[in-house]
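Here are the chains, one letter per residue:
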Amino acid sequence: MGSAKNTSSASSASRRDRIEEMRRAERSRERRGRIAVVAVSTVVVAALIGVGAWAVTKGDDSGSDQADSKAAAGSGKFDYDKAGVGTWSGKLTRNHVAKKVAYPMTPPVGGDHNQVWMNCNGDVYEKALANENAVHSLEHGAVWVTYTDKASAADVKALQTKVKATPYSLMSPVQDQKDPIMLSAWGHQRTVKSASDPAVASFFSTFVQGKQTPEPGAACTGGLAQ
C-alpha cells in the first residue's frame, strides 16, 4: 500500500496534467476562433468593397446620364431687356459631371459642367473650348467673349485686347453661335455689333464678378489651358 504522501503527489501531478490539457484545449479554441473571425471579416470587407465600387460606378454613370438628359431637356428661354441683354428663365444646375452636356443654348450660360474650369484671367484661346470647362469659368464670375469667322479681324483683335486687360474674362471662337460676336456670363447673354459697341463695356462692367456669380471670388487661374 502506498503512502499518503505518494498518493497526494500523484494526485497533484494528475491535476496539473488536466489543467495543462485544459489550457492547451482553450488555446486551440481561441486560435480557431481568431481564424474564423479573420476569415469572416475578410469576406465581409471584400463584399463591402464590391458593393461600394458598384455604387460609385452606378452613381457616376446615372448621375452623368441624368445630367445629360436634364441639360438636353431643360426648359427655359432668354428674356431680353431693353438694352438687349438676355436672362435665362430656366433653372441652371451646377453639378460636376465627367460627360458631355447637351446645353439648351449656344454658347451655354450655365448648367452642369466639368469640375475643371478654363483659365479665365484674361485668357484668349485660338481654338474652340469644351463648353463644360468654359461654363465652370462662368460659375466663377467670368465673362466669355465668343465669335465666329464672320467677325471682322479688327473686331477680334480689339476684343482680344479688352479680354487680356480684364481678369475674370476669356475669349474663344464658337462657330455655331447665332451671331458673329456674343458675350456670355452665368445666366446672361447678349449680341454686340462690334468691338466698339458701348454694350461691350457695359456688359463687362455689370457681369465680371457681378451679382449673378454663383461662386464669387473663386479662382480663374490654376484650371485648364490650351
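Residues numbered from 1 in each chain as written. Predicted model: local features only at pLDDT ≥ 70, side-chain atom pairs only at ≥ 80, totals over all residues. Heavy atoms only, no water.

Novice: Now, about the overall build of the protein: what can you tell me, with residues and values included?
Specialist: Within the protein, the secondary structure is distributed over four helices and seven strands. Overall, the protein shows an N-to-C arrangement of helices and strands of α-β-β-β-α-β-α-β-β-β-α. Within the protein, the fraction of its 226 residues that count as buried is 37%. Taking as baseline every contact in the protein between residues at least 6 positions apart, the subset at least 24 positions apart corresponds to 68%. Accessible surface for the protein amounts to roughly 13100 Å². Of this, 57% is attributable to carbon and sulfur atoms. (Helix = DSSP H or I, 4+ residues; strand = E, 2+ residues; numbered from the N terminus. Buried < 20%, exposed > 50% of the residue type's maximum accessible area, 1.4 Å probe, protein only. Contact = heavy atoms within 4.5 Å. Areas by Shrake-Rupley, 256 points an atom, 1.4 Å probe, with all protein chains shown as cover.)

Novice: Before we move on, could you go through helix H2 (residues 131-139) and cite the residues and values that matter?
Specialist: Of all nine residues in H2, eight are buried, a share of seventy percent or more. All buried positions along H2 are accounted for by Glu132, Asn133, Ala134, Val135, His136, Ser137, Leu138 and Glu139. The inward-facing, buried residues of H2 abut strand E4 (143-147), strand E5 (169-173) and strand E6 (181-185). Positive phi appears at glycine 141, one or two residues downstream of H2, with a value of about 100°.

Novice: I'd like a rundown of the pattern of salt bridges, residues and numbers included.
Specialist: Overall, the coordinates contain four salt bridges when judged by the stated rule. Here aspartate 79 makes a salt bridge to lysine 77, at a shortest N to O gap of 2.3 Å. A relative accessible area of 37% means that aspartate 79 is categorised as partly exposed. One salt bridge in this structure joins lysine 100 and glutamate 132, with 3.4 Å as the shortest N-O distance. (Salt bridge = Lys/Arg side-chain N within 4 Å of Asp/Glu carboxyl O.)

Novice: Which residues make up the environment of aspartate 176, and what values do they have?
Specialist: Note that aspartate 176 resides in the loop between E5 and E6. Look at aspartate 176 and you get exposed, because its relative accessible area is 62%.

Novice: I'd like a rundown of the state of the cysteines, residues and numbers included.
Specialist: By definition, a disulfide is the covalent link that joins the sulfur atoms of two cysteine residues. Counting across every chain of the model gives one disulfide. The residue that forms a disulfide with cysteine 120 is cysteine 220, at a sulfur-sulfur distance of 1.6 Å. One quick way to see it: the torsion about the S-S bond of cysteine 120 and cysteine 220 is about -90°, and its sign makes the bridge left-handed. In this pair, cysteine 120 is assigned in the loop between strand E2 (86-88) and strand E3 (121-124) and cysteine 220 in the segment after helix H4 (198-207), connecting sequence segments 100 residues apart. As far as the burial class goes, cysteine 120 and cysteine 220 line up, both buried. (Disulfide = S-S within 2.5 Å.)

Novice: Tell me about the nonpolar core, residues and numbers included.
Specialist: Trp88, Met105, Leu129, Trp144 and Leu170 are the most contacted members of the largest nonpolar core, which totals 22 residues. Counting residues per element, this core draws most heavily on H2, which supplies three residues. Ranked by size, the runner-up nonpolar core spans 19 residues in total, among them Val163, Ile181, Ala195 and Val200. (Core = buried A, V, L, I, M, F, W, Y, C linked by side-chain atoms within 4.5 Å.)

Novice: With reference to specific residues and values, describe the sheet that holds E4.
Specialist: The strand order E1-E2-E7-E6-E4-E5-E3 describes an open sheet built from seven strands, whose pairing is mixed. Two strands lie at the open edges of the sheet, namely strand E1 (78-80) and E3, each paired on one side alone. The mean angle between the axes of side-by-side strands here comes to 20°, regardless of whether they run parallel or antiparallel. Where E2 lies against strand E7 (residues 188-191), two bridges are found, and the strand directions are antiparallel. From the neighbouring strand, threonine 87 faces E7, where its bridge partner is histidine 188. Docked against the sheet, H4 engages E4, E5, E6 and E7, running at close to 10° with respect to E6. (Pairing = 2+ DSSP bridges. Axes fitted to C-alpha atoms, helices over the stretch in contact; angles between N-to-C directions.)

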